[in-house]
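Below, each chain spelled out in residue letters.
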Amino acid sequence: MRTPKKKKRGRKTAAPILSARLNDRVTLEADAEGRIAATFDGYSVPLGSFSGAAVKRAQGLRIGLSLASFASARKPLDQEIARLVRRLAHSGLVEYRLARGNTDMVVIEPQQADYWPNLTKPANADSVALSRFAYLRRRGNDMVLESPRAGALFRICDPAIAAQLVALSTPQKISELRRQDDFAGLELFALLLDCQILFKVDTAAGKGLRGDEGDENLVLWDFHDLLFHVHSTEGRQANPLGGRYPYVDVIAPPPAVRPPWPGKTIDLQEPASAATESILPFAKLLCERHSERDFDDQDPIKLAELAQLLDSAARVQSKWTSPLDFGDGSGGPDIDYTRRPYPSAGSAYELELYLAVANCDGLERGFYHYDADRHALVPINVRAQELDAMFAGAEFAMDAVAPPQILITIAARFDRINWKYSAIAYSLILKNVGVLLQTLYLTATDMGLGGCAVGTSNIDLFAKMTGLPFHVEGPVGLFALGRGTAEVSGEPPPA
């Protein structure tokens, strides 16, 4: 009998290469002295001075430079390239391609300024699963994979990768995945684990997928709530944000007043005039309320005025404890409640006030937490550049000529409201923010102070300043406060 021929082993697939490359809209320009600047959309970002060899090698960033080629930084040239790429990455001007040969598998688009890919590969014994916060969607002609927990999104270039990701709705062992003919490679899995799009499942502990994925504060989040929190704020996503008029060339501006419904009109002006001989004080206060964006730094707000405003608008007025009652005779734990000047869903009062102080007579420049129970300010140690960045963001958002005297960050303790409410938790937080903003507006107006709600906040900056994870406690509103200039100049106040 003939000895059976041994089966030929297939070629070992080459490991994917991770490279950094410039965004499509970015170009590098160098002058005769080696100063490099990145230009995009009419802006220029200086990146420093580099040698002629580094300038020449940097041109490779248009198609991509392998991270491994300068990772060791043993040579001076590698050190220069590493410094250049890090500076580009910090400004969000590079993306990363994971490719085999000239074929892209995925393109990684950073969503945070400090994102840097980590290739710590999982072990064969590890079991991994897709995060419940991860989702695939179409963006233009691309398929993208993202998560509100991730520092980057993944543009999927190979349909086979999408199929592998779908299978990870059930935990899979790395050793079993590697046996598959179309296995994407440990490099991709390392990047997905680093971005928390995948997570390691502790099969021995048996906590279940929801418990395995993160701490107890993350367990309390619904998918849509965390997604909306991240994508309606700055800091953890790179999409355009703010008043950019994105549909100005697509649709006409909607009217300020809704066209009237057909039918008989019931005039309310005559009954309203007969009911009151003079305007009510509260109605007068509502009419006087306006957004003040410019503040008189020659006559700043005083500490006593700030104390009065916080006392009137946000101080804890009373506290009590009540047992949870499900209505069927089964008792629950005791729950603590407070009462404050503004309404709050379920008396949760999950909102906290943090004050960035630039100019207040009697109070040092700095960052403070308002303890609403003790009616006290507690200083928080932050870096000067972080405080400056917070003021600069508010100044830009308000289109003001200078930063506000005090910037109040309204932050939410998410677990306080997520613990009770399902599906509507984040929407309730935003409703609570709205009534607190109106309370601050009316209190400031009544005191002769100026205030302005600010539409954006940076959740990543707040996390760095407080040391609190973005999903534990984070900003959901901003309010600029100070002594306005409109009253001083006699000019009519803005709307």
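Bear in mind the structure is a predicted one, so any value in this text is a computation, not a measurement.

**Student:** I keep staring at the sheet that holds strand E11 (residues 152–156) and nothing clicks. Help me out?
**Tutor:** Where strands meet in a sheet, backbone hydrogen bonds hold them as pairs that are either parallel or antiparallel. Ordered by their spatial adjacency, seven strands build an open sheet running E5-E1-E6-E7-E11-E10-E9, and the pairing between neighbours is antiparallel. Each of the sheet's edge strands pairs with one partner strand only, and the pair in question is strand E5 (65–66) and strand E9 (135–139). Both strand E7 (residues 103–110) and E11 contribute to a ladder of five bridges, which runs antiparallel. Paired with Val107 across the two strands is Arg155, which belongs to E11. Along the sheet, helix H3 (residues 76–90) makes contact with strand E1 (17–22), E5 and strand E6 (94–100), crossing E6 at roughly 115 degrees.

**Student:** Looking at this structure, I do not really get the side chain of Arg21. What am I missing?
**Tutor:** Turning to its location among the elements, Arg21 is positioned in strand E1. When residues no more than four places from it in sequence are discounted, the contact partners of Arg21 are Leu61, Arg62, Ile63, Gly64, Leu93, Val94, Glu95, Arg97, Asp104, Val107 and Arg155.

**Student:** Would you mind showing me how to read the environment of Asn432 here?
**Tutor:** Topologically, Asn432 is positioned in helix H15 (residues 425–446). Taking relative accessible area as the criterion, Asn432 reaches 5% and is therefore assigned buried. Between the C-alpha atoms of Asn432 and Pro110, which are 322 residues apart in sequence, the distance is 32 Å. Look past the residues within four positions of Asn432 in its chain and what remains in contact with it is Pro343, Ser344, Ala345, Glu350, Leu351 and Ile417.

**Student:** In this structure, what is going on with a nonpolar patch on the surface? I would like to understand it.
**Tutor:** There is a patch of nonpolar side chains on the surface, built from Leu136, Met143 and Val166 and spanning about 240 Å² of accessible area. Mapped onto the elements, Met143 comes out in strand E10 (residues 142–146).

**Student:** Mind showing me how you'd approach the packing of aromatic side chains here?
**Tutor:** Think of a pair of aromatic rings as described by two things: how far the centres are apart, and how the planes are tilted against each other in angle. Across all of its chains, the model carries 13 aromatic pairs by this definition. Where Trp320 meets Tyr337, the ring centres are 5.7 Å apart and the plane angle is 20 degrees; that geometry is what we call stacked. Of this pair, Trp320 sits in strand E15 (residues 318–325) while Tyr337 sits in strand E16 (residues 331–339), and the two are 17 residues apart along the sequence. Residue classification places Tyr337 among the buried residues on the basis of a relative accessible area of 18%. Residues Tyr342 and Tyr349 carry aromatic rings whose centres are separated by 5.3 Å and whose planes lie at 75 degrees to one another, so their mutual orientation is edge-to-face. Grouping residues by exposure puts Tyr342 and Tyr349 together as buried. Positioned above the aromatic ring of Phe470 is the side chain of Arg236, whose terminal nitrogen or guanidinium carbon lies 4.0 Å from the ring centre. One cation-aromatic arrangement involves Arg416 over Tyr337; the distance from NZ or CZ to the ring centre is 5.9 Å.

**Student:** Can you help me understand the sheet that holds strand E21 (residues 406–413) in this one?
**Tutor:** Spatially, E20-E19-E17-E21-E23-E22 is the arrangement adopted by the six strands of the open sheet, whose pairing is antiparallel. Both outer strands of the open sheet, strand E20 (376–380) and strand E22 (450–454), are each paired with one neighbouring strand and no more. Along the sheet, successive strands turn relative to each other by an average axial angle of 30 degrees, direction set aside. In terms of strand pairing, E22 meets strand E23 (residues 473–482) through five bridges, oriented antiparallel. Each bridged residue has a counterpart across the sheet, and for Cys452 the counterpart in E23 is Ala480.

**Student:** I would appreciate a short explanation of the environment of Ala125 in the present structure.
**Tutor:** For Ala125, the location among the structural elements is in the loop between E7 and strand E8 (127–130). Between the C-alpha atom of Ala125 and that of Lys173, which follows or precedes it by 48 residues, the distance is 6.4 Å.

**Student:** I would appreciate a short explanation of the nonpolar core in the present structure.
**Tutor:** Generally speaking, a soluble globular protein has its nonpolar side chains buried in company with each other. Judged by nonpolar contacts, the single largest core of 69 residues is most densely connected at Leu355 and Leu481. Looking at which element gives the most residues to this core, the answer is H15, with 10 residues. Apart from residues no more than four positions distant in its own chain, Leu481 is found in contact with Phe295, Ile301, Leu306, Leu309, Pro404, Gln405, Ile406, Ile408, Ala444, Leu449 and Gly450. In this structure, Val26, Val85, Val94 and Leu177 belong to the second largest nonpolar core, which totals 55 residues.

**Student:** Can you walk me through unusual backbone geometry in this structure?
**Tutor:** Backbone phi values are negative for most residues with the exception of glycine, while trans is the configuration of most peptide bonds. Phi is positive for His375, close to 50 degrees, though the residue is something other than glycine. The residue His375 is located in the loop between strand E19 (366–371) and E20 in this model.

**Student:** Could you clarify how one ought to interpret the pattern of salt bridges in this entry?
**Tutor:** Oppositely charged side chains can pair when the atoms bearing their charge come close. Tallied over the entire structure, the rule returns 26 salt bridges. For Glu95, the salt bridge goes to Arg21, with nearest N and O atoms at 3.0 Å. Placement of the pair is Glu95 in strand E6 and Arg21 in strand E1, with a sequence separation of 74 residues. For the pair Glu95 and Arg21, a shared accessibility class is recorded, and that class is buried. A salt bridge links Asp142 to Arg155; its shortest N-O distance comes to 4.0 Å. One end of the pair, Asp142, is in strand E10; the other, Arg155, is in strand E11, and 13 residues separate them in sequence. On the basis of relative accessible area, Asp142 is assigned to the partly exposed category, the value being 34%. Among the charged side chains, a salt-bridge network with shared partners connects Arg21, Glu95, Arg97 and Asp104.

So, how was this worked out
Residues numbered from 1 in each chain as written. Predicted model: local features only at pLDDT ≥ 70, side-chain atom pairs only at ≥ 80, totals over all residues. Heavy atoms only, no water. Pairing = 2+ DSSP bridges. Helix = DSSP H or I, 4+ residues; strand = E, 2+ residues; numbered from the N terminus. Contact = heavy atoms within 4.5 Å. Axes fitted to C-alpha atoms, helices over the stretch in contact; angles between N-to-C directions. Buried < 20%, exposed > 50% of the residue type's maximum accessible area, 1.4 Å probe, protein only. Patch = residues over 30% accessible without salt bridge, like charges linked within 9 Å, V, L, I, M, F, W, Y side chains within 5 Å. Areas by Shrake-Rupley, 256 points an atom, 1.4 Å probe, with all protein chains shown as cover. Salt bridge = Lys/Arg side-chain N within 4 Å of Asp/Glu carboxyl O. Phe/Tyr/Trp six-rings, centres within 6.5 Å; stacked < 30°, edge-to-face > 60°. Lys NZ or Arg CZ within 6 Å of the ring centre and 35° of its normal. Core = buried A, V, L, I, M, F, W, Y, C linked by side-chain atoms within 4.5 Å.

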